Amino acid sequence: MRVRSLDHFVLRVRDLDRSLAFYRGLLGLPVEGLEECKRGARPFVSVRIGESLLDLVPDPSFDPASAGEGRLLHFCVTLDDLAEAIRVLRAAGVQFLQDEPVARGGAQGVGPSIYAQDPDGCVIELKERISE
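Residues numbered from 1 in each chain as written. Predicted model: local features only at pLDDT ≥ 70, side-chain atom pairs only at ≥ 80, totals over all residues. Heavy atoms only, no water.

### Digging into the environment of Leu82
Okay, step 1: Tracing the backbone through its elements, the reader meets Leu82 in helix α3 (residues 82-91).
Okay, step 2: Residue class for Leu82 comes out buried when judged on its relative accessible area of 2%.
Okay, step 3: In sequence terms Leu82 and Lys127 are 45 residues apart; their C-alpha atoms lie 6.6 Å from each other.
Okay, step 4: In this view, Leu82 contacts Pro101, Pro112, Ser113, Ile114, Leu126, Lys127 and Glu128; residues no more than four positions away in its chain are not counted. (Helix = DSSP H or I, 4+ residues; strand = E, 2+ residues; numbered from the N terminus. Buried < 20%, exposed > 50% of the residue type's maximum accessible area, 1.4 Å probe, protein only. Contact = heavy atoms within 4.5 Å.)

### Describing the sheet that holds strand β8 (residues 123-128)
Okay, step 1: One open sheet holds the 8 strands; their spatial order is β2-β3-β4-β1-β5-β8-β7-β6, and the pairing between them is mixed. Edge positions in the sheet fall to β2 (31-32) and β6 (102-104), since each has one partner strand and no second.
Okay, step 2: Pairing of β6 with strand β7 (residues 111-117), which is carried by 3 bridges, proceeds in the antiparallel orientation. Counted as the bridge partner of Ala103 is Pro112 from β7. (Pairing = 2+ DSSP bridges.)

### Digging into the pairing of β8
Okay, step 1: The element β8 is extensively covered by neighbouring structure, given that 5 of its 6 residues are classed as buried.
Okay, step 2: Direction of pairing for strand β5 (residues 72-79) relative to β8: parallel, over a ladder of 5 bridges. Opposite Thr78, over in β8, you have Lys127 as the bridge partner.
Okay, step 3: Following β7, the chain reverses through 5 residues before pairing antiparallel with β8; Gly121 in that reversal takes a positive phi of roughly 90 degrees.

### Some points on a nonpolar patch on the surface
Okay, step 1: On the surface, Leu6, Phe9 and Leu72 cluster together into a nonpolar patch covering about 210 Å² of accessible area.
Okay, step 2: Structurally, Leu72 can be placed in strand β5.
Okay, step 3: Residue Leu72 is classed as partly exposed on the basis of its relative accessible area of 37%. (Patch = residues over 30% accessible without salt bridge, like charges linked within 9 Å, V, L, I, M, F, W, Y side chains within 5 Å. Areas by Shrake-Rupley, 256 points an atom, 1.4 Å probe, with all protein chains shown as cover. Salt bridge = Lys/Arg side-chain N within 4 Å of Asp/Glu carboxyl O.)

### A look at the pattern of salt bridges
Okay, step 1: In this structure the tally under the stated criterion is 4 salt bridges.
Okay, step 2: Asp80 serves as the salt-bridge partner of Arg4, at 3.1 Å between the closest nitrogen and oxygen. In this pair, Arg4 is assigned in strand β1 (residues 3-13) and Asp80 in the loop between β5 and α3, connecting sequence segments 76 residues apart.
Okay, step 3: You can call Arg4 partly exposed: its relative accessible area is 32%.
Okay, step 4: For the salt bridge of Arg12 with Asp59, the shortest nitrogen-to-oxygen distance reads 3.3 Å. Of this pair, Arg12 sits in strand β1 while Asp59 sits in the loop between β4 (52-58) and β5, and the two are 47 residues apart along the sequence.

### With respect to helix α1 (residues 16-26)
Okay, step 1: When we look at burial in α1, the residues that qualify are Leu16, Ser19, Leu20 and Tyr23. The buried residues of α1 occupy one face: seen down the axis, they fall within an arc of 95 degrees. Turned more than 90 degrees away from the buried face of α1 sit Asp17, Arg18, Gly25 and Leu26, all of them exposed.
Okay, step 2: At the N-terminal end of α1, a side-chain oxygen is found 3.1 Å from the backbone nitrogen of Asp17, two or three residues along, and the residue is Asp15. (Arc of directions from axis to C-beta. Polar contact = N/O pair within 3.5 Å; in protein donor to acceptor, adjacent residues only side chain to side chain.)

Here you go:
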């Protein structure tokens, strides 16, 4: 098993406009999916960081003072062989949130992925690298 790259991070944000002012306005990151989010067709907005994405999930009830409790929803890494990774991790007793992979989007397109938990309960999305 070989982890190839970081695909995306997902953050819960209280005020999307304020977050975009920081990530797009101050840091100059390109925004993706804003119009779809405004129309309600997409539940988050992404900012591109090189080949990776940072997804911003608007949640007006989010309390930044408790940032250690739920701000980072999950992070995703890409792998060459997802089936082999699942086999190895299951054999090691790693907990998964689903039984089987499903298609999910990310910085490099849509591909099969599955959510697992690290020893502290942090959710990691394992995604098969899309062939070029």
